[in-house]
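Examination of the molecular architecture
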Amino acid sequence: MENIDWSSLSFGYMKTDYNVRCYYRNGKWGELEVSSEETITMHMAATCLHYGQEAFEGMKAFRGKDGKIRLFRMDENAKRMNRSCQGVVMAELPQELFEAAVIKAVKMNERFVPPYESGASLYIRPLVIGLGAQVGVKPAPEYLFIVFVTPVGPYFKEGFKPTKMAIFRDYDRAAPLGTGTIKVGGNYAAGMIPTVKAHDMGYSAAIFLDAKEKKYIDEAGPANFFAIKDNTYITPESSSILPSITNKSLMQVAQDLGLKVERRPVAEEELATFEEAGACGTAAVISPISEIDDLENNKQYIISKDGKPGPWCEKLYHELRAIQYGDKPDTHGWVTIL
Ligand code: COI
């Protein structure tokens, strides 16, 4: 794909050659099918359209210096996808089926895996949707599992540069006992108004507070929040945060680099004490945060005074990338080489 300008890719959709599909009918998953169609046909009464019976994942494939393609923590994505399916009463998706479909989709679109050091990677989007005619609120009779891929650049247009984020107190992303901990489209729909408002006001994302007390930091837009203080990596614990696989990995990497790790509720006021902060996720990787504004309360928390990523954000970012691209030994067994 020599005619793709890899280094100028943003986080968007580009047509690739194939996607992989699998139908669940009559109580069982069928065979993996390969398709070059970008569209799907479904009944207008499908539960994914009306009742949000849908779940998705986000993963990336990286091309190393050795030319080999690496997948990062695919087993974790498989498990989370299954938890998400269970969370909206969809058919269980076996880990082997998930992994086989992901590997097939990546291998069949190998020419779209960006070169080493291009700043881009291949984003993998597995999804499961409820199909079949159903008007009553109950689980679908059939499901479709799809894996498509698309080469992407940075999620936040600033890349690895600190960005400003804003708290919008008038909106909640997810209820304490709701669907916040699973990866379903409804969570992202619920966050759409504050996200659009944030972008319109020049912020890269909306920070969501816990829905019950409006006191604690929950999510940083489509990513998890983390901060650094006193040689400690701190990330919020809450019953409505999506457990990010990148965050889980960063907690381990932070420990490997000699930081302490704390996963605990993080009150908004504590923002004033952080030396560094960032948003982390598969799409975002690490996006350092320079400033967080609590708009309704007229408060401003300046985290990066010089507009540069802090030293720990730098170290964590480079360490994680080195593992993902194969520049460092995969001591935790996180990488699948294709
Ligand atoms: C990811 O980080 O992979 C996500 O799914 C977040 C977002 C693009 C919705």
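Keep in mind the model is a prediction, meaning the values are calculated, not measured. (Residues numbered from 1 in each chain as written. Predicted model: local features only at pLDDT ≥ 70, side-chain atom pairs only at ≥ 80, totals over all residues. Heavy atoms only, no water.)

1. Describing the pairing of strand β8 (residues 142–152)
Of all the 11 residues making up β8, 9 are buried; the element is thus mostly covered by neighbouring parts of the structure. Sheet topology note: the strand β1 (residues 19–25)/β8 ladder contains 5 bridges and is antiparallel. Note that in β8 the partner of Tyr23 across the bridge is Leu144. When strand β7 (residues 121–131) meets β8, the two strands line up antiparallel, connected through 11 bridges. Across the sheet, Pro126 pairs through a bridge with Val147, a residue of β8. (Buried < 20%, exposed > 50% of the residue type's maximum accessible area, 1.4 Å probe, protein only. Helix = DSSP H or I, 4+ residues; strand = E, 2+ residues; numbered from the N terminus. Pairing = 2+ DSSP bridges.)

2. Some words on the nonpolar core
Nonpolar side chains tend toward joint burial in soluble globular proteins. Residues Trp29, Val106 and Phe145 are the most contacted members of the largest nonpolar core, which totals 39 residues. Breaking this core down by element, the ones donating at least two residues are β1, β5 (59–63), β6 (69–72), α2 (74–87), α3 (95–108), β7 and β8. The biggest single contributor to this core is α3, with 6 residues. Counting 23 residues, the second-largest nonpolar core is a separate cluster that includes Ile228, Tyr233, Leu259 and Cys313. (Core = buried A, V, L, I, M, F, W, Y, C linked by side-chain atoms within 4.5 Å.)

3. Focus on the site of the ligand
With respect to spatial proximity, the complete set of residues near the ligand consists of Phe11, Phe56, Gly58, Tyr123, Arg125, Tyr155, Lys183, Tyr188, Pro222, Thr282 and Ala283. Take Thr282: an N or O atom from its main chain is 3.4 Å from an oxygen atom of the ligand. At 2.8 Å, a backbone N or O of Ala283 approaches an oxygen atom of the ligand. Contact with the protein chains removes 91% of the 280 Å² of surface that the ligand exposes when unbound. Along the lines of polarity and charge, the residues of the shell around the ligand split into 7 nonpolar, 2 polar and 2 charged. (Near = heavy atom within 4 Å. Polar contact = N/O pair within 3.5 Å; in protein donor to acceptor, adjacent residues only side chain to side chain. Areas by Shrake-Rupley, 256 points an atom, 1.4 Å probe, with all protein chains shown as cover. Nonpolar A, V, L, I, M, F, W, Y, C, P; charged D, E, K, R; others polar.)

4. Remarks on the pattern of salt bridges
Inspection of every chain in the model, using the stated rule, returns 15 salt bridges. Across the pair Glu142 and Arg25 runs a salt bridge whose closest N-O atoms are separated by 3.7 Å. Here Arg25 lies in strand β1 and Glu142 lies in strand β8, a separation of 117 residues in the sequence. Between Arg169 and Asp294 there is a salt bridge, and its shortest N-O distance comes to 3.0 Å. Highlighted residues: Arg169 in the loop between β9 (163–167) and α4 (185–190) and Asp294 in strand β16 (residues 285–294), separated in sequence by 125 residues. A relative accessible area of 1% places Asp294 in the buried class. One connected set of salt bridges, linked through shared partners, spans Lys229, Glu262, Arg264 and Glu270. (Salt bridge = Lys/Arg side-chain N within 4 Å of Asp/Glu carboxyl O.)

5. Thoughts on the packing of aromatic side chains
Taken as a whole and assessed by the stated rule, the structure comprises 14 aromatic pairs. Aromatic side chains Phe98 and Phe145 sit 6.1 Å apart centroid to centroid with 20 degrees between the ring planes, which places their arrangement in the stacked category. One end of the pair, Phe98, is in helix α3; the other, Phe145, is in strand β8, with 47 residues separating them in the sequence. Judged by its relative accessible area of 0%, Phe98 is buried. Judged by relative accessible area, Phe145 falls into the buried class, the value being 1%. A connected cluster of aromatic rings, assembled from ring pairs, spans Tyr24, Trp29, Phe98, Tyr143 and Phe145. Above the ring of Trp312, the side-chain terminus of Lys315 is found at 4.0 Å from the ring centroid. (Phe/Tyr/Trp six-rings, centres within 6.5 Å; stacked < 30°, edge-to-face > 60°. Lys NZ or Arg CZ within 6 Å of the ring centre and 35° of its normal.)

6. With respect to the confidence of the model for the protein chain
Considering every residue of the protein chain, the mean pLDDT works out to 95; 99% of them sit at 70 or more. In the model output, the complex is listed with pTM 0.95 alongside ipTM 0.94. (pLDDT = per-residue confidence, 0-100.)

7. Quick word on the packing of helix α6 (residues 245–256) against helix α7 (residues 311–325)
The geometry of α6 relative to α7 is characterised by a closest axis approach of 10 Å and an angle of 110 degrees between their N-to-C directions. As far as their axial angle goes, α7 and α6 are roughly perpendicular. Between α6 and α7, the residues in contact are Thr246, Ser249, Leu250, Val253 and Ala254 and Leu316, Glu319, Leu320 and Ile323, respectively. (Axes fitted to C-alpha atoms, helices over the stretch in contact; angles between N-to-C directions. Parallel < 35°, antiparallel > 145°, perpendicular 65-115°, else oblique. Contact = heavy atoms within 4.5 Å.)

8. Regarding the side chain of Arg70
Following the sequence through the fold, Arg70 ends up in strand β6. By relative accessible area, which is 8% here, Arg70 ends up buried. Looking at Arg70, its side chain comes within polar contact range of the side chain of Asp66, at 2.8 Å. When residues no more than four places from it in sequence are discounted, the contact partners of Arg70 are Lys60, Ala61, Phe62, Gly64, Gln324, Tyr325, Gly326, Val335, Thr336 and Ile337.

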